[in-house]
Structures are given as C-alpha cells and as structure tokens.
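An overview of the molecular structure
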6 protein chains.
Amino acid sequence: MLDAMKVLSLTDVDARVRQALAEDIGSGDVTTLATVPSDWTASAIMVAREPLVLAGLLFAERAFQIISPEITMDAGAADGQDCPKNTVLLRVSGNAQSILTAERVALNFVQRLSGVATATRRFVEQVAGTHAKILDTRKTTPGWRVFEKYAVRCGGGSNHRIGLYDMVLIKDNHLTALQNERPNAIEAAVRRARAQFPALKVEVEADTLEQVEQALHAGADMILLDNMALMEMTRAVQIVGGRAKTEASGGINLANVRTIAETGVDFISVGAITHSARAVDIALDFQ
Amino acid sequence: MLDAMKVLSLTDVDARVRQALAEDIGSGDVTTLATVPSDWTASAIMVAREPLVLAGLLFAERAFQIISPEITMDAGAADGQDCPKNTVLLRVSGNAQSILTAERVALNFVQRLSGVATATRRFVEQVAGTHAKILDTRKTTPGWRVFEKYAVRCGGGSNHRIGLYDMVLIKDNHLTALQNERPNAIEAAVRRARAQFPALKVEVEADTLEQVEQALHAGADMILLDNMALMEMTRAVQIVGGRAKTEASGGINLANVRTIAETGVDFISVGAITHSARAVDIALDFQ
Amino acid sequence: MLDAMKVLSLTDVDARVRQALAEDIGSGDVTTLATVPSDWTASAIMVAREPLVLAGLLFAERAFQIISPEITMDAGAADGQDCPKNTVLLRVSGNAQSILTAERVALNFVQRLSGVATATRRFVEQVAGTHAKILDTRKTTPGWRVFEKYAVRCGGGSNHRIGLYDMVLIKDNHLTALQNERPNAIEAAVRRARAQFPALKVEVEADTLEQVEQALHAGADMILLDNMALMEMTRAVQIVGGRAKTEASGGINLANVRTIAETGVDFISVGAITHSARAVDIALDFQ
Amino acid sequence: MLDAMKVLSLTDVDARVRQALAEDIGSGDVTTLATVPSDWTASAIMVAREPLVLAGLLFAERAFQIISPEITMDAGAADGQDCPKNTVLLRVSGNAQSILTAERVALNFVQRLSGVATATRRFVEQVAGTHAKILDTRKTTPGWRVFEKYAVRCGGGSNHRIGLYDMVLIKDNHLTALQNERPNAIEAAVRRARAQFPALKVEVEADTLEQVEQALHAGADMILLDNMALMEMTRAVQIVGGRAKTEASGGINLANVRTIAETGVDFISVGAITHSARAVDIALDFQ
Amino acid sequence: MLDAMKVLSLTDVDARVRQALAEDIGSGDVTTLATVPSDWTASAIMVAREPLVLAGLLFAERAFQIISPEITMDAGAADGQDCPKNTVLLRVSGNAQSILTAERVALNFVQRLSGVATATRRFVEQVAGTHAKILDTRKTTPGWRVFEKYAVRCGGGSNHRIGLYDMVLIKDNHLTALQNERPNAIEAAVRRARAQFPALKVEVEADTLEQVEQALHAGADMILLDNMALMEMTRAVQIVGGRAKTEASGGINLANVRTIAETGVDFISVGAITHSARAVDIALDFQ
Amino acid sequence: MLDAMKVLSLTDVDARVRQALAEDIGSGDVTTLATVPSDWTASAIMVAREPLVLAGLLFAERAFQIISPEITMDAGAADGQDCPKNTVLLRVSGNAQSILTAERVALNFVQRLSGVATATRRFVEQVAGTHAKILDTRKTTPGWRVFEKYAVRCGGGSNHRIGLYDMVLIKDNHLTALQNERPNAIEAAVRRARAQFPALKVEVEADTLEQVEQALHAGADMILLDNMALMEMTRAVQIVGGRAKTEASGGINLANVRTIAETGVDFISVGAITHSARAVDIALDFQ
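What you see is a predicted model, and the numbers here were worked out from it, not measured in a lab.

When you go through chain A residue by residue, the secondary structure sums to 12 helices and 12 strands. Principal-axis analysis of the C-alpha atoms places the extent of chain A at approximately 75 × 35 × 25 Å. Counting every position in chain A, which comprises 287 residues, the buried fraction comes to 65%. For chain A, the share of sequence-separated contacts (at least 6 apart) that also reach a separation of at least 24 residues comes to 70%. When the accessible area of chain A is evaluated, it comes to approximately 9600 Å², of which 48% is carbon and sulfur surface. Seen as two clouds, the 29 positive and the 34 negative side-chain charges of chain A have centres 4 Å apart.

Structure below.
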C-alpha cells in the first residue's frame, strides 16, 4: 500500500497547503464570516463524482487540519485505490466555518493529483499483460514535480529520472555538438558521460536503427526510441536483444499504447499523464 | 496590448522560475555538462506545433536569462496573440549549454499557461456576438491562481473574484446555516454580508426561480444561476431584468456554451479552462 | 464575535511570529539564560495600561506557545472588545525563561494592532448614529496589510479594497492620461475599466461637482469626494442621490469626522488609523 | 553622510519591497491597466508635504526599479537630511503605468521610516548641548527592527542593543528569580552573566539608589535608571560618578526629555520614536 | 545545564531540519519504501563511537518527529555533556520506515555540531586552571553561525561577537584608511566608533606593543593581540594591566594554547573550532 | 573545465550568499561604517596561504557584487585548479567599505568548499593509475549537499547518489526487515526494488562473500563491500568479475586508500572528504 506520509515529506505538503490557503483566503473568507455562526459544526463527505484513482488525499487532510486542528477526519479510501463513482473519499467533521473555508483548496489538490493518477492508470491498464511499464517525463507543472511523480506512482506508473541531474539522457541536440568533431558522436558522448558521471545510468536517444546500434555499441544502459514507426521499433527491440533497456516515446496515446507495448519495449514514457491530465470531478457534500 | 511586466509582478515570476530551475537542475545538467563544450553557442526557436493563444512568454524569457544573463532573445509573438501552427514565439541565442539546460523549464511554463489561454479563447469565440463574458473560477492549480487568471485574460476571458476575500458569494451551504433561523435565509445572508463588508460586491447562488426572486429582493449585485435548465435560465434572466448581473455555471462545455450565452446571461463561468486545460504543443528547435 | 483563527490564516501568523522571535532572540536571550534557572515556572498577566480596543491577541498567544508549547494561557478578553484600563488581556503560566524570552515580541504585536483598532474605534464612535462607515486605506505598514485591515475591523471599521487588484479606483493621475484624448475622460476611463474588468466595482475620484456628475453619468459604483469643502460635499451627496455610493477622504481627523459624516456620505476613509496609529500601552506583569 | 547601501543589506531591502509590491499589486493594478496606455511616459516628484528628516529613500528607489528597471531617478535629498516642507526628495521619470503602480508602496516605506527619523530628531534636538544621547529600544515593529534602528540613526539617535542576544540587560523580573536565593540578587546576576557571556556588556536596571549602588558594586557596565524621579536620578548619576554608563528610561516625552538630560545621564531611551512614530506626509506629484 | 529549546529558537531548528530532510528524501526513500513493510516498528540507539561532547541533539529529535510524530524518544545524554565511547545518546522507537528515512539527516546534524563542541572542549581543557577563556570567531559555516556558536558554548567556550554589527573591532585594514589622515590612526578610529556607536564595545587589533599602548590610550575596551610572539604578548598583558581585556589570536593550536594562556591574556580566539572541526563518529544501531 | 555558472544554479548561490551576508552584517558593519570613508576605494587580492584545489569562487564573487554591484573582479584561478601557495585567486577593486564588509563571508564559502575539493584531490592522487574512482557519500553538511558534491567534482572525485531518491541502496537494516520472511533476503529486496522503481540503479551492501554472491545472483548493478578485510575484498572483486560495479567503504583514509584501490574495486567512497574536511587557509590582502 502506498504511504503518502513517507513519500511526500510532510514538510513540503504543509508548505504548499499553507501557500494555497493564503492565496485563497487572503484577508478572510468574507462570505463564511458573514453568514455562518462561528460556533456551528458540520459534517461533510468528499465524494468521487466519477470513477477515479485517488492521489494526494493527505493534502486535503492537511488543508482542513491547518485551518482548524480540531476537525476530525476519516479516510474512506487510500492513495492508489481505484474508486468507483460515488466513493466516499473522506469524511470531515467539525467547525462549519473552517470546513467551508478550506473546501476549495482541499478539492483543488486532490482533483488535480487524482487526475494525474487516473490518467496514468488508464495507460497502465492498456498495457496490462505486456512487458512494458509506463513512465512519466519531466513535462510536469513547474514546482510540482515531486508531487506529480508521486501521483504517477499512485496510478501504477513508474518514474523516469527526477531531473537533469540523476541520469544522463543524450538527445539529438547534445549529439549535434559532438557531430562535427568525431565520426561517431554517440560513442563520444557516452564515453564522456561515463568519465564524468561514472555512477549514473546513461540513456541515448535513437531516431534510426543505425543509432540504436551505435548506442548499443557505446554501452548505453537504456535506449530511447523516439517517434519510431512500429516496424522499426520492433526491429530495434530485436537488435537490442536485452543488452540494454528500451524506451518508446513520442505521440503516445491510449489508442496506440498497447500496440507499442507489444513491440516488446521495456518502457513507454507519456508526457500527457502529467502535462495534460484533466482534473477529476470530486465534490464536498455537506450533510 | 497585454503587458506581462505590469501584470505579473517581476518578483514572483522570477521566484517561480528559480524554483522550477532548481527543481529540474539540482546538482547539474549532467548530460549537457558531459557532452556540450562550455564555450559553444547556439541559436534556437520556440515554435508553436499547433495553433494556440500565447500566455506566459515572460516565464520562458526569464528562465533563459536567469541561467545565462548574456543570452539574447527576440520575441516573435506577444501574450494574448493568436498564433497559427509554426509561429515562431521566441528566438534564443547564446551559450549552448545554458539554452539546453533551461529548455524544459521554459517550455513547461509557456505550454501550461498558453494551454489555459487557448482553452479560454475557444470558449470566448463560441460566445462571440452575444452579451455574455467568459469568467474563470477558483478551481486553479494551488499556488498558481494569479498566473492562471492572467492566462485567462490573455485568452480573452474575464476574472471572477481572486479568492474568498474580495467578494461575497453566498452558496447553498452558507444558506443552510441560516435556514433554520429565519423564513428567508437569502435576505438574512445578504443583510449580514452588507453590514460586515459594506465595500464588497455580493453575489448569491440561486438554484430555483424562487431563489432568484429572493436574491433580487435582497439586493444582490450578482446572481449565480447554478446548473439551471435552459428554459429556467432564460426565465431567470427575464426576472432579473438588468437589476443585477447574472452568471451561469455548472456543466459548461464548448458544445453548450453558446446556447447558454443566448439566454442573455451576463457571465458564464467555466472551471475547465483552468483545472483541465491541456498543455499546448510547443518545441524548441535548434538551428 | 470576531474569530481571529478564521480571519488570520494560522499559517501567516505563525510565520510572522517566528520571524519576530528570530529577529529578537538571535543566538539566545543571554540575560534570561544567565540569571533564571531553567526549571523555574512563573505566572504573568498581560494588562491594559490604558483603555484600548484589543486586536491581535492570537499573535501573543502564538509567541508564547512557539517558544514553549507547554505554556498554558487564558484569554481575559477577545479581539474587538473595548478594554478599560487594567483589564487583564491574557494570563500566562509556565516556564519562566520562556515567558521572559517571548515577552517583548508578544507585546510588540498586540500593542501595535490594538493601537490600530483603538484609533479606528475612536473614529467609529465619533460617527455613531450617522449613516457613515469608517474605511481604511492602502496606507498600511508594508507587509502588514492583512493584519492591519483585520485590526481595523476589530475597531469597528470596514475595509476598503485590499490592494490594486480587487477594485477599480480611478484617480486624477489616471484621468490625465485620457484627458488629452477625449472630451470626457471620466466616461472613457469607466468604460475601459468595465470592458477589461467586468466583475469589479468601479470607483471614481471627483474633486468638483462637475466630476461628480460625470462619474455618475459614467455609471460609477462609488464616488470618492476628495478634499471637498463641506458644502460642496453635501451638494455632491444630494446630486448622487443614492445612485452610487459616496466616500469622503482627505484631511479627516477626530475633530471633523462627525461633521463630514453628517453630510450624508456613505463612507469616510482615514489613512491615519493605519499609518499613524500610536501603540497602546500594554504590560506583562509577573506575579 | 549616511550610506543606505552599506547599512541596509541590499538583499533584505529588495525582499521587503518585493513582498510589499506583491501584497499591493496581486493580480494586477486594474485601474492603471485599464486607463493608462502602456507606452505612456510620465515624470513625477516625491515631495515633503511637511518638514521631515528623510529615511529609507532606497526603498522607494527600489520599488520603482523593481517594477520597471528603465525608470530613471534623481535623488533630491539623502537619508538623514533635514528637509523643509516642499523639498523634492526624488524625481522619477519613465513608464507611466509603472510609476502609478509602484507609487503607494514607495510612499508607504518612506513615510514610515522618515516618521521614525523625524520623531528621533525632535528628541535629539531637545537634548542638544547636553551630554545625553537618545537611544532606541526593542519596541519596534515586528520584522522591521533593523530598518527602524537604521531610521533612528538617520534621525541622529544611537542604537541600544539589537536584540536579546548582543547585550545582557538584567531587569527586575530576572532578579526576582535570584532574590529568594541570595542576599544580593544583583551581584549574583552580574556574576552569572559575566561567567556565561564574558564578551558581552552587562547593564542592570535599578529602581532605587540602593540598587544603583549594588549594580555599581557588582561591576555593571551600564545602569538603567527606570522611572526615577528627577532628584533621585540626579543623585544616581552622582553616585555612579562615571564608573558606569547611565541610561534613563520610562515616560520620556518631548516636554521632559531635556530636564532628564540635564541630570547628566549618558543615555535616554525612548520607545515612542519607534512604536508610535506618526507617518510623515509625503506625496508623489505628477507633472 | 544547557537548554537547547531556549537557546535555539525552535523555529529555525525545524526549518533547517525540514530543509535537510527535503534535500535528502526528495521524491522518496526508494530503498526503504521498496523493502521495509510500512507497518513495521523498530528500536534503535544513537551511540557515540568515540568520546565526544554532545551538541545539537534537538536536531536529531526533530528529524525523527517531523518524519513521524508518533516516534518516541528517550535522550541518554544532554547537550554539553562529556560522553565516553559507547554512550547511548538517544533511544528511538517507532515506525521502521520513518527511522530509516530520517537516520542520515539526524546523524549529520549531531555529528557536525558535536564535532564543534568536542574540538572546543579540547581547547578549554588545555587552558584549565588559567585565567583565559576560549572564544570562537566569525569563521563559521555560512548560514550556521547561531548553531555553531551554540555548539561552542556546549563545549565550554565563550562567544565572541555574533557578527559585524554587535561590536566594533578595528583591524589593520580599517586603520589604513585613517593612517594617511592623522598621526595616530587608532585614536581617531576609536573616537569615531564611540561617537557613532556609543552603546557598543570597542576592540582594537594590535600587532606591536606601540599599538597596544595607543589602543589603551584611546580607551579600547578590548585589545586583540594578533600573531604576537609569546614574550611580546606577555609584555602586552603587563602593559594593559587590567585596564582593558586582552585577546590572543592567530595560529592557535592544541599544542601552543596553554603557553599562550599562561601569558595572562583574558581570551584566546580559535577559528579552527568552527571552520575545521572534524565530525565525530556517531552511529544509529538497530536492535 | 568546470563551469560553476552551469552547475550551481545562480539562483541558489545568490540565496545562500544573501543569507550569509544578512547573518554577518545584521544592522550594519559598525567598524567599517565608523572608520572608513564611504567614498574610499581599495584593491585587494584573495590569496592561497597554502596549496589548495579551488572550489566555489563564484560564491566570493557574488558576495562582493551583491554588496556593491560596481566592484570589479578578475579571477586568477578557476574552480578545480590546483593552486600552489601564494596563488592569487581573485583580484577585487572598488568601494573600500564594501570590500571590507563582504570579506569574511566571501572567504568562509571559498575556504570551506576548497577544503572539500582539496581533501578529495588528496584521495584522488593516492589512487592515480588504478582503476578506482573516489566517491562522496550522503554525509554532507545539512543544506549544502549540492554545493559539497560540486566541490567533490572540483577535486576530481565522482558523485554517489544525491539523496535517498535517485538510487536504491539496500543496507543491512533493510535486509533485517526481510530476513524473517524468506530464505534469501537480498534477492527478495532486489526484486521488490526492481518492481517498484524499474528505472533506478540498485546497489546492495555486502559484508561477506556469501552476500556478494547473493547480490550478484539477485542482479544488483553495484555491490557495496562494507568494512571488508583486504583479502576478502580482493576475492569479492574476483567473484564479481565485472558483472556488477564494486564499491569499497568504511574506514578509508589516505594511508590505506591505495591498497584498497589495488584490490580492483571500481569505486571507493569516503565520508571524510565532506564531513571532516579542514578549511583551507585563504586570506584577503589589501594593497
């Protein structure tokens, strides 16, 4: 079972929730202050209005607790869980003003992160039974990388490198720099990367089978098959023959992801699960 | 013409860009460091790979300049502009390592904010010629409200309240609190809001025509017609007769927005333009 | 009753208190460390040394609790309450070192915010029985706007716009820009503001009765009667005749505020209640 | 001449100005954006509307420059300078939108800090020709200590300790802790302070002449004569006879400060110059 | 007994621990997440692997508690205590994943600060029985000054000035500026310092006996004997004769510190106790 | 050649330098303000007082520039360069007050980071000609990881994982958790890690040859030979036979590192190069 408390440092979650509350509340929730008695209590349930994979429930819990530490909560589902429509995700009880004031911030976090998890799950389901794993990319909301990569894991996906620093990934633009100097730019690039960063994995982008062979010969740990036609990709996987990991990328969607997985690639990376995930519909119903 | 420098306080833009760069670069862009000579220069163009409305170009410019103040740039389009496919949005020239290192962060900001602007523009175009204006909501990415509301304006939309503090918006949950006390909860709520926050606009959510009448009688500045059927909404607009502003919300999409606009409402608020905007496709091509 | 916990986001209060404690304590309260045994306990009362309106007690409570979570406290008054001289505002009990170390920071916050509330109350009392409400301005201590606006509410005043973003307020310098272009700058300015920011209130500054008429004709929601003579102001209120709200500003003091209120204006804005409020005298007496 | 650039770390000034700009501008200066063409330029002068001692001009300069780096400025006075009514403090030229948007933040800083400097100067002038120096206290706006202490220096005052950490100041509450243990609490306290913090100055609060003798005997560097009657204070100064520095405090105002100075005390500390300084009247006039 | 809670503002400690945890954990402790069941509990002891003086245990406690508030702890030693090899410093019990994830951060803080305390204690022991006290310098890890100065106190050392602002220390480079102007630069410098900062202690660096006499004559509170030969230093102490405090600095090490102390100087400042302290060996042993 | 501008994000460097300057300068460099005329200029050189490997010169440059943007500088050496005693590292010219005020902060950064680089270089030199590379660990100054890892690279060392998140490293405590469940804990641990984090490298700590075989069989990418005797380590390297990378750790020092390297291990990790590096001696000499 996923454990948000361990994965998402409590620190940062709180900092984000506080920032979001400050952004929304400013000098006060004027409507609630004017209309709801300060000693009223209320109960509410956070409900899935559509099927979804939950991610980021901790953010909602912290939003309510930061506004009012006395609010009691009871989680009805856990991050990573497949929730049918109408699933109760969280029960909240306590000061009515506080619940109303924190409501939108709590929902905004969970709707967005669950959106990422749900989009990921759809891709993961499509490749079920194949060898391929779904990876995320660096195409994340600026400042949210850790959170979105956590949501991808909630959806059953795996994480590609976190940033520019924890893995070498040689792309065509890097090769351009070396192309003028040497007959085989890929080999030169891998050699340089190994020398400077011996402890890191090295991946090489290959657009052609010739480049696949060069990457393999250069000793790449992983080869990125970028925008390859299906036949070519199948051939590339055969050439590699398990001597390196293979990753497909470029123009992946729900319609074509299974066919791509069936080429035998190890990984399929999908930018859309983070950069274009639709927020899922979640509501807070008062009772 | 929109002027990002005035609207987006330079301060905050820089803080966000620096955070995003730190998040991505960490201990260094190992690939670029290992493969690209530190004295190489390069030129690149940021190109729209699909038609889009530009928003947030300043973020990209700052990303490149923060990494390398010597980089020169030339904007090919301005925020708010309709850009056909293949429009050159920005020309960048300078140290090759720096451009490669800043590339993804620069793109992540512009793709996301332009996504919001583009989604907004699609709705604005649908209601062209009617009286209705497209509004955003508080369903924004936590921590990004100001930026996404700016992007909505780039798309031709208008901004609803910024947060809970700058306008009173009385919803059913607020009324629940007062329902037990008085015969007419709406009137009680508006009266209280006026007393406590005399300088603020007051909007009331109405689910029925009866509530519309009550809101009107209570002197609301604006009435939110939430999830009303078309006929009922048309009738509501007639009842109001210009004595307050009317806003339609709930389940708005590109297919139904024009019909809703034709009921005569003043505003139509759409959560999806911020919470579910797809990132537009923008690439950085080296030359 | 005012509820600081809801109005002042707990987050920001804590951040300010921590910053102030760090600023004061630095590498340690050397005097207390050297002279007071670490296991001593003490009780102290925070007492009003002069009549005052309390504001910001939460800041004092947090200062003590952040230094020593075991300190117990008992509030003797609530924010917004009129406290005669010698009122016990807070009883504090616990570790003697901690109470001594937090004392000055706790007092500095409450003395200043209560100073704002008390200054406001004096103005509010002066206009009692008239129609006019006392408003604050944007002349606040930089970085303290939300807190000082909260203190103004504690004093019985109402808040004008929070910043430059939540309301349009067209002043003479804005009109200058348009004066050269058109016969009627006010109408042009209001029309532009309505077009760009349809959801916001529009206020227009008027220095003459002619401008009052223009503002009214342009459909301003509120008219700022700036530095007008009493007779002119009375006439202005008559001209407006309830079709817009009126606000008096400029040179307001305790001596003249009631006369101004009696002109029938809706609002009177007073910069001095925030920018020149005297700190009220509050002491922490050990027992 | 005072040099703000050296005293106020540029860093912190910018951080404060940015925070204040963000607080005021939020999602944009809607009035200026709607009414002033983005390519207009303007000139304005910041003028003293009453006689004042200038402090914090750097804050105003940074406010304009942060909003628009192209704005040119010309200082008409320097921090610490006595400025008669109508003195031009700063000339500003550049983009009209930017000047209008930064105006209030620029003024808020300078009006407040110059208020502190001016209040200080009034006290300094009162004691001119005597031996006494005016000191500030720790009764400063939370978070502003360094800035207000800088303003006190601009006014001709001297700074007491910065916080709880850079000097030992033994007050009655500290002595209470030791009173039960020993015959002479003051001597015990000074001895302990010397032992633990040998590099720090030690000051002792004395309410009676007996305590003055004890403090002197204990070897205090400085003795605080708190709320003493004039005759008693004169006697205390004689007793001390230059063997320690003396500081008068408690109930000091412009009417009594000179008489107190004439007792021969070395220092007079005045809380009001920071906690209750009135903002001076400064305006930005467009030309 | 030292009380870290009072000296180290809880605020800042938490901020540092959170920053360090975020730095280390990033997107999750992948090893622990993959191998340790989330419901396992464990007990561990933090043990001194070599003799040491403890400092900063609070940082370790906070690291565990921030990751998992339910972890229980039992301190086996207190800051400032001499701990023989194998001393149990802290017992930790609770969720196994949490303990493993926080382990390194907890150790890094305590090993470093105890390293400073231990290095200090070695110097303090060397001068035991003499009059001299060991002082720290401003040669601290940037951003850690308060913490390292606290550790110095744990080791039995005393703190020199905190920064450039709380004491005047006139060195040769300052004198250079005045040398061209006047016959006696030291006297000019002290006079200026007294005039501008009357409440601060003034120390003067002296490289020769002539300068010692000048400093004494100028009324310096403290004289820094920089890199003086032993005989010269002894003579300097005699010349000063208690009329000012004396401080030895430059090239101090464990071998020569006692001989220097025996010259009779009041203080000996040692940069190495902060800038070059070796981390002491502490381990977390699971049971 | 190393390029600090690319590796150390300018952002973070500036933030650290500003924090350090604020920490040191506080309310002003009182000595410099009192003694050095504000219009004096000076030139100074930063000189190596002992042989060293330079690292972090950018921090010094930024310290001077932040205090006074007009200061001109000329680097005499570059990060990563071996500098004999008396090498001029930086020439600084400009306002004398500014140079004096920034001096200590500038030196503190460069002395510490160059200390790390120099310690690293000594180890790297010892293993010259062997196959082994020197790695750092996670035993870094909290909050400084990226900077110290950069300094290690300046010294010729290589970086191990950045934190807990970018590589799996299974240690004995992790295995304990699995030992009770299965016959072969190592294999179970590696399998779980591969399943959850397929894109990450997996390293296994082995204390015995049997564990080496198990790790190899489990498919570990890297095997940590912890505190092994030399003969056992040699045998371990033979057993592995290039099928995984090997890393020696535990009790490494300059005296034994070469012998360890000669066992044929791929990597040797040394905690002391970060946690116990001595600051190198660098001075700023005025001219």
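Bringing the interface of chain B and chain A into the picture now. With 63 residues of chain B in contact, the opposing surface of chain A contributes 63 residues. Taking both sides of the interface into account, the surface hidden between chain B and chain A amounts to around 5200 Å²; carbon and sulfur atoms contribute 57%. Contact with chain A buries surface across chain B, with B:Glu23, B:Pro142 and B:Leu164 losing the most and accounting together for 13% of the total. Seen at the junction of chain B and chain A, the total is 4 salt bridges. Where chain B packs against chain A, one counts 26 residue pairs in polar contact (both at pLDDT 80 or more). Elements with a contribution of two residues or more to the side of chain B that touches chain A: helix H2 (10-25), helix H3 (30-35), helix H5 (96-126), helix H6 (145-154), strand E7 (168-170), helix H7 (172-179), helix H8 (185-196) and helix H12 (272-275) of chain B. Its residues assigned to classes, the side of chain B that touches chain A comprises 28 nonpolar, 21 polar and 14 charged.

What follows is about the interface of chain F and chain A. Contacts between the two partners involve 14 residues from chain F and, on the opposite side, 14 residues from chain A. Summed over both sides, the interface of chain F with chain A buries roughly 1300 Å², with 65% coming from carbon and sulfur. Viewed at the interface, chain A and chain F are joined by 0 salt bridges. Inspection of the region where chain F meets chain A yields 3 residue pairs in polar contact (both at pLDDT 80 or more). Among the residues making up the side of chain F that touches chain A, the classes are represented as 8 nonpolar, 2 polar and 4 charged.

Here we come to empty space enclosed by the protein. To find leftover empty space, a probe the size of one water molecule is rolled over the atoms. Of the voids in this model, the largest cavity is the one considered here, and its volume is about 230 Å³. Looking at the lining of the largest cavity residue by residue, the class counts come to 11 nonpolar, 6 polar and 7 charged.

This next bit is on the sheet that holds strand E1 (residues 41-48) of chain E. Residue and element names in this part refer to chain E. One open sheet holds the 4 strands; their spatial order is E3-E5-E1-E12, and the pairing between them is antiparallel. Each edge of the open sheet carries a strand with a single partner, namely strand E3 (72-75) and strand E12 (282-286). When strand polarity is set aside, the average angle formed by the axes of neighbouring strands in this sheet is 15°. Packed on one face of the sheet, helix H4 (residues 57-67) meets E1, E3, strand E5 (88-95) and E12 and runs near 5° to E5. Running over the sheet, helix H5 (residues 96-126) touches E1, E5 and E12 and is turned about 160° from E12.

Residues and elements named next belong to chain A. Pairing is antiparallel across the open sheet formed by 4 strands, whose spatial order is E3-E5-E1-E12. The two strands at the open ends of the sheet, each matched to only one other strand, are strand E3 (72-75) and strand E12 (282-286). Strand-to-strand, the axes of this sheet are offset by a mean angle of 15°, without reference to chain direction. For strand E1 (residues 41-48) and strand E5 (residues 88-95), the ladder comprises 7 bridges, and the chain directions are antiparallel. Its bridge partner lying in E5, Ser 43 is registered against Ser 93.

So, on to the pattern of salt bridges. Pairing between side chains of opposite charge can happen when the charged atoms of each approach one another. For the structure shown, the criterion picks out 68 salt bridges over all chains. Note that C:Arg91 is salt-bridged to C:Asp74, the shortest N-O span being 4.0 Å. Of this pair, C:Arg91 sits in strand E5 (residues 88-95) while C:Asp74 sits in strand E3 (residues 72-75), and the two are 17 residues apart along the sequence. A residue is classified by how much of its surface remains accessible, and C:Arg91, at 39% relative accessible area, is partly exposed. Connected through shared salt-bridge partners, A:Asp82, A:Arg121, A:Arg122 and A:Glu125 make up one network.

With no contact between them, chain B and chain E keep their nearest C-alpha atoms 10 Å apart. Spatially, chain C and chain F are disjoint, and the shortest separation between their C-alpha atoms is 10 Å.

Once that is clear, we can look at the relation of the copies chain F and chain A. For the pair chain F and chain A, the superposition axis carries a translation of 0.0 Å, the fit reaches an RMSD of 0.0 Å, and the rotation angle comes to 180°. Taken together, the rotation and translation describe the operation of a two-fold axis. By C-alpha distance to the rotation axis, the residue of chain F lying nearest is F:Asp166, at 3.1 Å. Interface residue correspondence from chain F to chain A reaches 100%, placing this contact among same-surface, isologous pairings.

Residue and element names in this part refer to chain C. One can find Val 124 in helix H5 (residues 96-126). Sequence spacing of Val 124 and Ser 158 is 34 residues, and the spatial spacing of their C-alpha atoms is 9.8 Å. Aside from chain neighbours lying at most four places away, what touches Val 124 is Ile 134, Gly 155, Gly 156 and Gly 157.

Let us now look at the relation of the copies chain B and chain A. Here chain B sits on chain A after a turn of 180° about the axis and a move of 0.0 Å along it, with an RMSD of 0.0 Å. A shared binding surface is used by both copies, with 100% of the interface residues of chain B retained as interface residues in chain A.

The next thing to look at is the state of the cysteines. Residues and elements named next belong to chain E. For the structure shown, the criterion picks out 0 disulfides over all chains. Between Cys 83, a free cysteine, and Cys 154, which holds the nearest cysteine sulfur, the sulfur-to-sulfur gap is 11 Å. Residue class for Cys 83 comes out buried when judged on its relative accessible area of 2%.

Our next topic: unusual backbone geometry. All names here are of chain C. Backbone geometry places Asn 86, a non-glycine residue, at a positive phi of 75°. Along the polypeptide, Asn 86 turns up in the loop between strand E4 (82-83) and E5. Asn 86 sits in the exposed class, given a relative accessible area of 52%.

Turning our attention to the pairing of strand E1 (residues 41-48) of chain C. Residues and elements named next belong to chain C. Burial analysis of E1 places 6 of its 8 residues in the buried class, the great majority of the element. Here 5 bridges tie E1 to strand E12 (residues 282-286), and the two strands are oriented antiparallel to one another. Each residue of the ladder has a partner; that of Ala 44, found in E12, is Phe 286.

Quick look at the packing of H5(E) against helix H6 (residues 145-154) of chain E now. Residues and elements named next belong to chain E. Two elements in contact, H5 and H6, have axes separated by 7 Å at closest approach and are oriented at 45°. Taken together, the axis directions place H5 and H6 in an arrangement best described as oblique. As H5 runs across H6, the sense of the crossing is right-handed. For the pair H5 and H6, contact is made by Leu 113, Val 116, Ala 117, Thr 120 and Arg 121 and by Phe 147, Glu 148, Ala 151, Val 152 and Cys 154, respectively.

Here we take up the packing of helix H7 (residues 172-179) of chain E against helix H8 (residues 185-196) of chain E. All names here are of chain E. Between H7 and H8, whose axes approach to 9 Å, the crossing angle comes to 105°. With respect to H8, the element H7 is oriented roughly perpendicular. Residues Leu 175, Leu 178 and Gln 179 of H7 touch H8, and the partners they reach there are Ala 185, Ile 186, Ala 188, Ala 189 and Arg 192. Split into classes, the residues belonging to the contact of H7 with H8 amount to 6 nonpolar, 1 polar and 1 charged.

Moving on to the nonpolar core. Of all hydrophobic cores here, the largest spans 185 residues; its most connected members are E:Met46, E:Ile268, F:Met46 and F:Ile268. The element that contributes the greatest number of residues to this core is H5(E), accounting for 12 residues. Residues A:Phe123, A:Ile252, B:Ala60 and B:Ile239 belong to the second largest nonpolar core, which totals 184 residues.

Each value, and the rule that gives it
Residues numbered from 1 in each chain as written. Chains lettered and ligands numbered in written order. Predicted model: local features only at pLDDT ≥ 70, side-chain atom pairs only at ≥ 80, totals over all residues. Heavy atoms only, no water. Helix = DSSP H or I, 4+ residues; strand = E, 2+ residues; numbered from the N terminus. Buried < 20%, exposed > 50% of the residue type's maximum accessible area, 1.4 Å probe, protein only. Contact = heavy atoms within 4.5 Å. Areas by Shrake-Rupley, 256 points an atom, 1.4 Å probe, with all protein chains shown as cover. Lys, Arg positive; Asp, Glu negative; His and termini not counted. Charge placed at Lys NZ, Arg CZ, Asp CG, Glu CD. Buried area = accessible area lost by both parts, 1.4 Å probe. Salt bridge = Lys/Arg side-chain N within 4 Å of Asp/Glu carboxyl O. Polar contact = N/O pair within 3.5 Å; in protein donor to acceptor, adjacent residues only side chain to side chain. Nonpolar A, V, L, I, M, F, W, Y, C, P; charged D, E, K, R; others polar. 1 Å grid on protein atoms, 1.4 Å probe; cavity = no way out; pocket = protein on both sides within 12 Å on 5 of 7 lines; lining within 4 Å. Points joined across faces, edges and corners; volume = space filled by probe spheres on them. Pairing = 2+ DSSP bridges. Axes fitted to C-alpha atoms, helices over the stretch in contact; angles between N-to-C directions. Least-squares fit on C-alpha atoms with pLDDT ≥ 70 in both. Disulfide = S-S within 2.5 Å. Parallel < 35°, antiparallel > 145°, perpendicular 65-115°, else oblique. Left-handed = near helix turned anticlockwise from the far one by under 90°. Core = buried A, V, L, I, M, F, W, Y, C linked by side-chain atoms within 4.5 Å.

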